[in-house]
Each structure stands twice: as C-alpha cells, then as structure tokens.
Amino acid sequence: MSFTLVLGGARSGKSRHAEALVARHPAPWAYIATAEGWDDEMRARIAEHRARRDGRWETLDAPLGLPAALAGIGTRPALVDCLTLWLTNLMLGEHDTEAATEALEDALAARGAPTVLVANEVGLGIVPENALARRFRDAAGVLNQRLASRAAHVHFIAAGLPLVLKGEA
Amino acid sequence: MSFTLVLGGARSGKSRHAEALVARHPAPWAYIATAEGWDDEMRARIAEHRARRDGRWETLDAPLGLPAALAGIGTRPALVDCLTLWLTNLMLGEHDTEAATEALEDALAARGAPTVLVANEVGLGIVPENALARRFRDAAGVLNQRLASRAAHVHFIAAGLPLVLKGEA
Amino acid sequence: MSFTLVLGGARSGKSRHAEALVARHPAPWAYIATAEGWDDEMRARIAEHRARRDGRWETLDAPLGLPAALAGIGTRPALVDCLTLWLTNLMLGEHDTEAATEALEDALAARGAPTVLVANEVGLGIVPENALARRFRDAAGVLNQRLASRAAHVHFIAAGLPLVLKGEA
C-alpha cells in the first residue's frame, strides 16, 4: 500500500503534522518509535511526544527492527517517527544499512494499511567538519531520496506548515 | 491585526523581501532592529542593512523590548528584523522566553497596522554538537511554529525567491 | 540565453535533476565540473557522478575557470556542477570573487544554448562557530540570490523532488 513521507527540520512540526495525517484514518493507530533514550535530552523529548498522543495510539519501540515492527502491526494505520534516528541507530551499531533499507521497502510494499514516515532533512547547512557527520548526512539524504521516489505523497514541513512535494495535501 | 512571517536561511534575501512587503503600505515605516552590534561582523551587517533603507524608514533598536517597541509605534507599518536574534538575546540574558513570547503575541494582536516579522530557519542542518546550540535550535523552531500558526501569511525565502506556505503572495 | 538554477542541500538529488533538465535537449552535452579531487572522499564522489553519465556527456574540469569554460563549449547544452564548489575554490585561492561572478554572468548572457547551474543551499542550519564558514555561507547565499535573480527558472530540490521557485517545471 502507498505511504506518505513527511520531511522537515528540527522542531519544524513534522511529527505533529504526521500524527494528523494518520489520524484521518480510523483508530487504533500504531506509533513506531525509533528513538533510544540514551540521555536526558532524548528521554525528555520522547516523553513530550508520548504525552501528546492519547490512548488510541499504541507505541512500539523499534530502534533497529523497524521492518519487523511494520510487518507485525497488521492493518492498523501507522506512524514511523523517525527514519533518521533509525538510520543513526543502524550506523552507530555498524549494521548493514543497505540490507535494512531493502527490508524496510519490502515491509512498506507489503503493508495493507496507511503508513506515514517522518524523516529529518539535514543537508541544508554548511558542510560538517566531522567526517562521521558528513557520512551520516549523505546517508540520510540518500535514504530520503529513495523513500521519496516510492512514496505516494511527500510533504516538506517548515514552521508547522506543509509544502506538497509529491501527491496531494 | 494580521501579520506576515518571512522565514529563510542566512543570506536568503528574507530582509529585502520583508522590506518590499512593508513598502506596499504608505510610509513612514518602522524598522524594529533586534541585532546588537557586539562585534565588527555584526556591526558591518547592521550598517549594510541600514544603508539600504531610505529616509522613509525610522529605525528603532529593540534587542529585548520588542513587544514594547511594537506597542509604541502606533499605526505605522512595521518590519521586525529579526525574531531569531531577539530570541538569542533573550536566551543569552537568561530572560523568560515564554513570557516574552506571550507579550509579543499580545503586542501583535493589539497592532492596528501591518507588521512583517523576519525569522531564521536554523533546523535544516546536521544536529549541532554543542548543547546550547541544540537548545537554541529547538527554541527557534518552536517560536517559528507558534508565530506561523497565528500569522495570516507565511513566506519561505530561498535565493531571494518566496514560496508561500500560508495565505497569499 | 536564459539559464536554470537548481538549488538544494547535500544529497538532495540536485545533480540528477539537473542532468535530466539538460538531457531534454539534443546531445552532446557538456558537463562542467568544478570539484577538485584533493581527498579520497571527494575523488569517490567525482567518480560516482562520472559513472552515472554516459558517452553523450563530455566532461570539462573548471575548478576556477568556469566563465572561460562556458565560453569555450559553443552551442552545446551544458550543466555546471556546481557553483558552490567553484566559489569555495575561488575563496580558498583568494581570488576576486566579485570579478569572477561578473565574468560568469557575462558568460551566461553570451551563451547560445541552454545552461543548467547546480548550487548548494547552505544557510538553513545553525550559525557556524567558524568565522571562515560564516563568511563562506554568506558568500554562497549572495551568489545564489544573484544568479536566481537572472535565471529564467529556479528549482529547489528536496529528497529528489523539485519545488519551482521561478519559471516553470
């Protein structure tokens, strides 16, 4: 089934926009979280996102096993938040990102329900001095392009407002 | 009265675009500057912006007291350049940014003349290594979202060209 | 003759989009490369881009002499990839960027065939701590604005998808 990709910068309102897209479909909804709470800053952010979602959302943690999580939720509409943290986790754990991306594409193609994927756009600043940051920035851009080419809808969010890059609003 | 938010990156032409929006209304116009000239680089930039504006612009400096400045200019059309430096000044001075944002929203709601606010989009690069930079980036994104939700018009500027995110061009 | 400016972040798909724009015109096409292979990372990227282009593309290296290269290719449709590396090379070599920009504008105005210019948008992240990076970011933004104002078409690319900022798609 077709899916939607929601792109945006940090604190652009992309998660909130993506939640609203999923909530157009009947509940219950699956929220597949890829964040890992390895420091207070990240734990605070996870808690804040979680507090915003009511009981119609079921949260699943999938820091690495995103394709399996998507395969396991049946026909519930789902939000994946976010692809960029998933990629970070794969790269930090030295996993095979190409194999993981293919598994994700297969899981998305096999889905029988709406899916909205959130991803960060990280390539619009100055070239990072750190080589790992450059490698990550490249990988994130390539992943976004790849999923955008398969998505039915792609929205770019700035200041909470969507620009439609592909499909309809 | 309704206001316009002009978002963009560094050297995207957002100030020039915002000036043109204000200049659609009858002069004199108020230019509310939030920049502080604490180094040569910033002083040069302030001088360059100032040189571009002719005598129909009256410049007011409001590095912190932006809500009071807006309240004090009566019915002159106004340009605020920029919100992001105002937020920087608030954060560096350890002021209450939430109270300041509410005061700004109240001042905007009470205005009886057109207002154009310029803000920087800073969240589209790689995650900064510096914790203060991350905190600032988050606060800037949240402020932009908040004002965008109340603005009648939101324009995103790239290479001097506007994309309309909300309202008309 | 009129030209097209393709703007985007790192790994946004801007080169591929620009190649497709040039390939709407009859071959052979000129690919004017401004990258210099001074490290393995850059050499790998150059090789990857080169592998994507078939024999209908003739590659010319012009790390500094971009205006002369454009003047020398006659009426072949051309892709310049990219302006931002050209600017980097000029700045690192302490060349006169203003004179070079004027020479580029003259060469573009004198062209009798379609030209597509690729440029990076680098101003949408946090302010760089490094003064040289800030100076470069400013110069890149100013160059983008200047060429955008003369271009017939300006496209902003995110995740491989174009947003039209000026002209048609």
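Residues numbered from 1 in each chain as written. Chains lettered and ligands numbered in written order. Predicted model: local features only at pLDDT ≥ 70, side-chain atom pairs only at ≥ 80, totals over all residues. Heavy atoms only, no water.

As annotated in an unreviewed UniProt entry, chain A is Bifunctional adenosylcobalamin biosynthesis protein from Teichococcus rhizosphaerae. Under the heading Sequence similarities (unreviewed entry), UniProt records this for chain A: "Belongs to the CobU/CobP family." In the Function (unreviewed entry) part of its UniProt record, chain A is described as follows: "Catalyzes ATP-dependent phosphorylation of adenosylcobinamide and addition of GMP to adenosylcobinamide phosphate." (UniProt positions renumbered as here; feature names shortened; annotations may be inferred.)

A tally of helices and strands in chain A yields six helices and seven strands. Helices and strands in chain A line up, N terminus first, as β-α-β-α-β-α-β-α-α-β-α-β-β. Whereas a compact globule of 169 residues would reach a radius of gyration of roughly 15 Å, chain A reaches 15 Å, a difference of no more than 12%. Taking the principal axes of its C-alpha atoms as reference, chain A extends roughly 45 × 35 × 35 Å. The buried share of chain A, taken over its 169 residues, is 54%. Considering only residue pairs separated by 6 or more positions, chain A has 74% of its internal contacts joining residues 24 or more positions apart. Here chain A has roughly 7,100 Å² of accessible surface; of this, 54% comes from carbon and sulfur atoms. Once the 18 positive and 20 negative side-chain charges of chain A are each reduced to a mean point, those two points are 5 Å apart. (Helix = DSSP H or I, 4+ residues; strand = E, 2+ residues; numbered from the N terminus. Rg over C-alpha atoms; globule rule 2.2 N^0.38 Å. Buried < 20%, exposed > 50% of the residue type's maximum accessible area, 1.4 Å probe, protein only. Contact = heavy atoms within 4.5 Å. Areas by Shrake-Rupley, 256 points an atom, 1.4 Å probe, with all protein chains shown as cover. Lys, Arg positive; Asp, Glu negative; His and termini not counted. Charge placed at Lys NZ, Arg CZ, Asp CG, Glu CD.)

Take the interface of chain A and chain B next. Across the contact, 24 residues belong to chain A and 20 residues belong to chain B. Area buried by chain A at its contact with chain B is led by R11(A), A159(A) and L161(A), which between them contribute 33% of it. Put simply, chain A and chain B have three salt bridges between them. Two residues, D138(B) and R45(A), come together in a salt bridge whose shortest N-O distance is 2.1 Å. On inspection of chain A and its partner chain B, the count reaches eight residue pairs in polar contact (both at pLDDT 80 or more). Listed by contribution, the elements that provide at least two residues to the side of chain A that touches chain B are α2 (40-52), α6 (131-150), β6 (153-158) and β7 (161-166) of chain A. The greatest single-element share of the side of chain A that touches chain B, amounting to three residues, is contributed by α6(A). Among the residues making up the side of chain A that touches chain B, the classes are represented as eleven nonpolar, eight polar and five charged. (Buried area = accessible area lost by both parts, 1.4 Å probe. Salt bridge = Lys/Arg side-chain N within 4 Å of Asp/Glu carboxyl O. Polar contact = N/O pair within 3.5 Å; in protein donor to acceptor, adjacent residues only side chain to side chain. Nonpolar A, V, L, I, M, F, W, Y, C, P; charged D, E, K, R; others polar.)

Counting residues at the interface gives 20 residues for chain A and 24 residues for chain C. On the surface where chain A and chain C come into contact, there are three salt bridges. Counting across the interface, chain A meets chain C through seven residue pairs in polar contact (both at pLDDT 80 or more). Every element with two or more residues in the side of chain A that touches chain C is listed here: α6, β6 and β7 of chain A. At eight residues, α6(A) tops the list of elements feeding residues into the side of chain A that touches chain C.

Another point: the sheet that holds strand β3 (residues 57-61) of chain B. Residues and elements named next belong to chain B. The strand order across the open sheet formed by seven strands is β3-β2-β4-β5-β1-β6-β7, and the pairing between neighbours is mixed. The sheet is open, and its two borders are formed by β3 and β7 (161-166), each paired with just one other strand. Recorded for the sheet is a direction-independent mean angle of 20° between the axes of neighbouring strands. As paired strands, strand β4 (residues 78-81) and strand β5 (residues 115-120) are joined by four bridges and run parallel to one another. What sits directly across from A78, in β5, is T115. Together, β1 (3-8), β4 and β5 form the strand contacts of helix α4 (residues 83-92), whose direction differs from that of β5 by roughly 65°. Its contacts with the sheet place helix α6 (residues 131-150) against β1, β5, β6 (153-158) and β7, and it is angled at close to 145° to β1. (Pairing = 2+ DSSP bridges. Axes fitted to C-alpha atoms, helices over the stretch in contact; angles between N-to-C directions.)

Time to look at the pattern of salt bridges. Evaluation of the coordinates by the stated rule reveals 33 salt bridges over all chains. Its salt-bridge partner being R11(A), residue E48(A) comes within 3.5 Å of it at the nearest N-O pair. Placement of E48(A) in helix α2 and of R11(A) in the loop between β1 (3-8) and α1 (14-22) is noted, with a sequence separation of 37 residues between them. Given the relative accessible area of 39%, E48(A) is considered partly exposed. When the shortest N-O distance is used, the salt bridge between R56(A) and D54(A) registers 2.7 Å. Accessibility expressed as a relative area gives 45% for R56(A), which makes it partly exposed. Among the charged side chains, a salt-bridge network with shared partners connects R11(A), R45(A), E48(A) and D138(B).

A few words now on the relation of the copies chain A and chain C. Aligned on chain C, chain A shows an RMSD of 0.0 Å; the corresponding rotation is 120° and the shift along the axis is 0.0 Å. Seen this way, the second copy is the image of the first under a three-fold rotation axis. Among all C-alpha atoms of chain A, that of G125(A) lies closest to the rotation axis, at 2.4 Å. (Least-squares fit on C-alpha atoms with pLDDT ≥ 70 in both.)

Residues and elements named next belong to chain B. At a minimum axis separation of 10 Å, α4 and α6 run at an interaxial angle of 130°. As summarised for this structure, α4 and α6 are arranged oblique, according to the angle between their axes. Between α4 and α6 lies a crossing whose hand is right-handed. Residue-level contacts link L83, T84, W86, L87, T88 and M91 of α4 to R135, F136, A139, A140, L143 and L147 of α6. Of the residues in the contact of α4 with α6, the class split is nine nonpolar, two polar and one charged. (Parallel < 35°, antiparallel > 145°, perpendicular 65-115°, else oblique. Left-handed = near helix turned anticlockwise from the far one by under 90°.)

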